[in-house]
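Coordinate inspection notes
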Amino acid sequence: MGCVLRVWGKNFDVDAFLSGSSLKPLTVWHTGESQLPASNSAARRQLHSGMHISVSIREFSDPSGQIEDAVSFLKTYREELLRLHDFPGTDGAVLDFPVEDRDVMVQTDTFPPKLLALMGELKITLAISRYPPHK
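Small disclaimer: the values here were computed from a predicted structure and weren't measured. (Residues numbered from 1 in each chain as written. Predicted model: local features only at pLDDT ≥ 70, side-chain atom pairs only at ≥ 80, totals over all residues. Heavy atoms only, no water.)

A closer look at the overall build of the chain
Helix and strand content of the chain: four helices and five strands. Starting at the N terminus and walking to the C terminus, you meet the elements of the chain as β-α-β-β-α-α-β-α-β. Within the chain, buried positions represent 38% of all 135 residues. The contacts in the chain between residues at least 6 apart in sequence include a share of 70% that link residues at least 24 apart. (Helix = DSSP H or I, 4+ residues; strand = E, 2+ residues; numbered from the N terminus. Buried < 20%, exposed > 50% of the residue type's maximum accessible area, 1.4 Å probe, protein only. Contact = heavy atoms within 4.5 Å.)

Structural data, given as structure tokens:
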């Protein structure tokens with residue numbers, strides 16, 4: 001799984017948003033639900049409602065491909081993402097890029113202005129999650 005859009009809000013009615021949306025979530029969760037399987041009654045509870053949406057299915061080792069997919073996604077769903085930002089109860093959105101650690105002294109991953117400009121316009125935060133190399 002590549003880049004994912006994560007959206008949440010304490011009072012976000014994720015089901016109401018999705019009922020009229022062209023966005024298709026990978027996962028949805030609701031405030032108060034258990035974070036673990038239902039068999040664990042003592043599990044921590046979700047503090048927010050939210051969802052994950054796939055933006056790219058490129059490998060962790062392909063950040064430039066994930067970036068291309070993200071630019072395309074943000075352009076394609078621009079109006080829907082603006083509606084999401086303004087939807088009552090939405091507290092935040094983050095575009096999370098999983099990046100594989102490389103065997104280098106210093107690892108630098110850059111993001112082009114066109115992606116950052118789109119994210120800024122849509123009020124979406126950038127996250128980079130680093131993972132060990134897949135063997």
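Things to note about the environment of Ser21
Relative to the elements of secondary structure, Ser21 occurs in the loop between α1 (14-19) and β2 (27-29). On the accessibility criterion, Ser21 (9% relative accessible area) is buried. For Ser21 and Arg45, which are 24 residues apart along the polypeptide, the C-alpha to C-alpha distance reads 26 Å. Once you skip the residues sitting within four places of it in the chain, Ser21 turns out to touch Glu80 and Arg83.

Things to note about the sheet that holds β2
One open sheet holds the five strands; their spatial order is β2-β3-β1-β4-β5, and the pairing between them is mixed. Each having just a single partner strand, β2 and β5 (125-131) make up the two edges of the open sheet. Looking at each pair of strands side by side, their axes are set apart by 20° on average, direction ignored. Note that strand β4 (residues 92-100) and β5 share seven bridges and pair parallel. Across the sheet, the residue bridging to Val94 is Thr125, located in β5. (Pairing = 2+ DSSP bridges. Axes fitted to C-alpha atoms, helices over the stretch in contact; angles between N-to-C directions.)

Brief notes about the side chain of Glu80
Inspection of the secondary structure puts Glu80 in helix α3 (residues 78-86). Within the structure, the side chain of Glu80 is placed 2.6 Å from the side chain of Ser21, a separation counted as a polar contact. (Polar contact = N/O pair within 3.5 Å; in protein donor to acceptor, adjacent residues only side chain to side chain.)

As for the nonpolar core
If you look at soluble globular proteins, the nonpolar side chains tend to sit buried side by side. The biggest cluster of nonpolar side chains holds 29 residues, and the ones touching the most others in it are Leu5, Met51, Leu74, Leu95, Phe97 and Leu115. For this core, the secondary-structure elements that each account for two or more residues are β1 (4-9), α1, β3 (49-54), α2 (63-76), α3, β4 and α4 (113-121). If we ignore the near neighbours within four places in the chain, the residues touching Phe97 are Cys3, Gln66, Ile67, Ala70, Phe111, Leu115, Leu126, Ala127, Ile128 and Ser129. (Core = buried A, V, L, I, M, F, W, Y, C linked by side-chain atoms within 4.5 Å.)

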